[in-house]
Amino acid sequence: MTRCKPDNVADVPDTRSMISDELAIEIARLGLVRESSEARTLHRVTELASRSVTGCAGATSVRWQRGDGSGPPEPLVCAGSHPALAELVDLQLARGEGPIFDVVTTHTPLNCEDTLAETRWPTYTPAMLRRGVRCFTTTLQETDEVLMTLTLYGVLPRSLDPRQLAVAALLVAQGGAAVSNTRQYDDAHRTAVQLQAAVETRAVVDQAKGILMHALGYDADRAFAELRRISQTRHVKLTALAQRIVDGGGVQGTK
């Protein structure tokens, strides 16, 4: 008995058949927050794309800051698998135009099957040809927190296998998720550090208050008011003053 494939999945690429066990592990590692930074993640994405996508000779990626509506998004972090390709990104960023700007402005991926016949970017296409680029495709990962582009380059016309582009889409999606996770982790870590500092500050101030209460017979409110007065009149931070008292340095003229 012959089983028919449903019409709605007839043209959907099966990325499972394109991803080796090694690549699957590398993609998973992109999500390890403690091993990531934005720059490192972008470099790993470009490296994996160059190595894993059939016909891809190199790749570049850019992490963008969303615009405020009055202009295009601003580039934050860039990465390139090869110096010559990184130069192509720098050229676009310097001029504020080119394929990557078109993609982040229109929110639509694009591709070029043969740069020799390309007419959309007359000032940029010659630079690609001089570096041996004969085709490219740029895809986009966009969430509420992250805007990221990944460009794949080929050295022969039409050398980027369309069936393999699903792998590129997976890489940029996982890379974007890793960037988002890294930012959230960094924000959470920063908040934790600030809270810890606040707790430690409160603790030393409370100790200094206790010392003043014991030495001068003040209640808690008056002891704290005295600390603030001395801090302001002597132009010393409250926490530094409190630490001095706790360390036994004393404070002259507290009465």
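Residues numbered from 1 in each chain as written. Predicted model: local features only at pLDDT ≥ 70, side-chain atom pairs only at ≥ 80, totals over all residues. Heavy atoms only, no water.

Engineer: Teacher, can you tell me more about the packing of helix α7 (residues 220-233) against helix α8 (residues 238-246) here?
Structural biologist: Packed helix pairs are specified by the crossing angle of their axes together with the interaxial distance, meaning the distance between the axes. Two numbers describe how α7 lies on α8: the axes approach to 9 Å, and their chain directions differ by 115°. With respect to each other, α7 and α8 are oriented roughly perpendicular. Both α7 and α8 take part in a crossing whose hand is right-handed. Residues F224, L227, R228, I230 and S231 of α7 form the contact with α8, whose participating residues are L238, L241 and I245. Its residues placed into classes, the contact of α7 with α8 shows 6 nonpolar, 1 polar and 1 charged. (Axes fitted to C-alpha atoms, helices over the stretch in contact; angles between N-to-C directions. Helix = DSSP H or I, 4+ residues; strand = E, 2+ residues; numbered from the N terminus. Parallel < 35°, antiparallel > 145°, perpendicular 65-115°, else oblique. Left-handed = near helix turned anticlockwise from the far one by under 90°. Contact = heavy atoms within 4.5 Å. Nonpolar A, V, L, I, M, F, W, Y, C, P; charged D, E, K, R; others polar.)

Engineer: It is not clear to me how the packing of aromatic side chains should be interpreted in this structure. Could you clarify?
Structural biologist: The way to describe two aromatic rings as a pair is by their centre distance and the angle between their planes. Summed over the entire model, instances satisfying the criterion amount to 2 aromatic pairs. Measuring from centroid to centroid gives 5.3 Å for W64 and F101, while their planes differ by 80°, and the two rings are edge-to-face. One end of the pair, W64, is in strand β1 (residues 58-65); the other, F101, is in helix α4 (residues 99-106), with 37 residues separating them in the sequence. For the pair W121 and F136, a centre-to-centre distance of 5.8 Å together with 50° between the ring planes defines the contact as tilted. With W121 in the loop between β3 (110-112) and α5 (125-130) and F136 in strand β4 (residues 135-142), the pair connects residues that are 15 residues apart, well separated along the chain. Just as W121 is buried, F136 falls in that class too. (Phe/Tyr/Trp six-rings, centres within 6.5 Å; stacked < 30°, edge-to-face > 60°. Buried < 20%, exposed > 50% of the residue type's maximum accessible area, 1.4 Å probe, protein only.)

Engineer: Help me understand the nonpolar core, please; the structure alone is not making it clear to me.
Structural biologist: One broad trend across soluble globular proteins is that nonpolar side chains are buried collectively. The biggest cluster of nonpolar side chains holds 20 residues, and the ones touching the most others in it are W64, L88, F136 and Y153. Among the elements of the structure, β1, α3 (83-95), α4, β3, α5, β4 and β5 (147-154) are those that each provide at least two residues to this core. At 4 residues, the largest contribution of residues to this core is made by α4. L88 has contacts with Y124, A127, M128, R131, V133 and Y153, leaving out every residue within four places of it along the chain. By size, the runner-up hydrophobic cluster in this structure holds 19 residues, among which are A49, V77, A79 and L160. (Core = buried A, V, L, I, M, F, W, Y, C linked by side-chain atoms within 4.5 Å.)

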